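Now for the letters of each chain:
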Amino acid sequence: MYLFASSSDLQFKNCIKYPEIYIPENSFTFLTGKSGCGKSTYLKMLNRTVLPQNGSILYWGKDLKEYPILPYRREVLLVPQDVFLLDGTIRENFDLYYSSRGDSVLSNKEICHFLQICCSEFSPEDTCMKMSGGERQRVFQAIFLSLADKVLLLDEPTAALDEKTSDMFIQNIRQYCKQKKITVLCVSHSTKLAESYADTVIRLEEPNHE
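Everything in this summary refers to the structure shown in the same document. (Residues numbered from 1 in each chain as written. Predicted model: local features only at pLDDT ≥ 70, side-chain atom pairs only at ≥ 80, totals over all residues. Heavy atoms only, no water.)

## Here's the deal with the sheet that holds strand 10 (residues 183–187)
By way of backbone hydrogen bonds, the strands of a sheet pair with one another, either parallel or antiparallel. The parallel open sheet is built from five strands, whose spatial order is 8-9-10-5-11. At either end of the open sheet lies a strand with only one pairing partner, and these are strand 8 (76–79) and strand 11 (200–203). Here the strands of the sheet are splayed against their neighbours by 15° on average, with no regard to which way each runs. As paired elements, strand 5 (residues 28–32) and strand 10 share four bridges and run parallel to each other. By the bridge assignment for strand 10, Phe30 is matched with Cys186. (Pairing = 2+ DSSP bridges. Helix = DSSP H or I, 4+ residues; strand = E, 2+ residues; numbered from the N terminus. Axes fitted to C-alpha atoms, helices over the stretch in contact; angles between N-to-C directions.)

## Considering the side chain of Thr183
Of note, Thr183 is situated in strand 10. What makes Thr183 buried here is its relative accessible area of 2%. Within the structure, Thr183 has its side chain in polar contact with the backbone nitrogen of Asn26 (distance 2.7 Å). Look past the residues within four positions of Thr183 in its chain and what remains in contact with it is Leu3, Ile23, Pro24, Glu25, Asn26, Ser27, Lys150, Val151 and Leu152. (Buried < 20%, exposed > 50% of the residue type's maximum accessible area, 1.4 Å probe, protein only. Polar contact = N/O pair within 3.5 Å; in protein donor to acceptor, adjacent residues only side chain to side chain. Contact = heavy atoms within 4.5 Å.)

## Quick look at the environment of Tyr67
You can see Tyr67 is positioned in the loop between strand 7 (62–63) and helix 2 (69–75). With residues up to four places along the chain from it excluded, the contact list for Tyr67 reads Arg48, Tyr59, Trp60, Lys62 and Tyr72.

## Description of the layout of surface pockets
Its boundaries defined by the atoms lining it, the largest pocket holds a volume of some 420 Å³. Asn47, Thr49, Leu78, Pro80 and Phe144 are, among the 18 residues lining the largest pocket, the residues nearest its centre. Listed by contribution, the elements that provide at least two residues to the lining of the largest pocket are helix 1 (39–47), helix 2, strand 8, helix 3 (90–100) and helix 5 (133–147). Its residues assigned to classes, the lining of the largest pocket shows seven nonpolar, five polar and six charged. (1 Å grid on protein atoms, 1.4 Å probe; cavity = no way out; pocket = protein on both sides within 12 Å on 5 of 7 lines; lining within 4 Å. Points joined across faces, edges and corners; volume = space filled by probe spheres on them. Nonpolar A, V, L, I, M, F, W, Y, C, P; charged D, E, K, R; others polar.)

## Description of the pattern of salt bridges
Summed over all chains, the structure comprises eight salt bridges. Residue Asp103 is joined to Arg101 by a salt bridge in which the shortest nitrogen-to-oxygen separation is 3.1 Å. You can call Asp103 partly exposed: its relative accessible area is 26%. Overlapping salt bridges, with partners in common, bring together Arg74, Arg101 and Asp103 in one network. (Salt bridge = Lys/Arg side-chain N within 4 Å of Asp/Glu carboxyl O.)

Listed below in structure tokens is the structure:
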């Protein structure tokens, strides 16, 4: 049984049709394709941020609609492209996300560990206000990585990073998630990253308009 399985009639708003898609457990899968083909929308459907018009998506053989939504979203964690950080310190941002979930906050040592995985050389007391777009993205991703439990959905995680940092970032994320048995589905335009690090590559075609 696959972790995720979506039907061949899966459709979003009469404009995007998807083929059958299967995501194995504990895999590091890349979802690729041209802009507008529905990659980000597919991640949002897996996370139940948006709902399909037709078709179904199964998680462990059961339709997503059958799962209580909040516990499900804690288990199937979507890291969006848009970065949501306060202008305060990195620690304040970590604490905000953890307190909003009712979880105990991390120690400085634990925060530094996740920052390092995400190629961020800042300390927990550094402020986010003056960071570049790529630096903010890595801090944001470090927060979500620390929260990941079963499934991590990454939407263009290297969009604001240079090639060298992108390679190191994906390598680190893959190694960590393999060790923790976290299944990853990563949307990316980078053929090189997909070829280097994917267990499976799923390529979506042009949008199929009716």
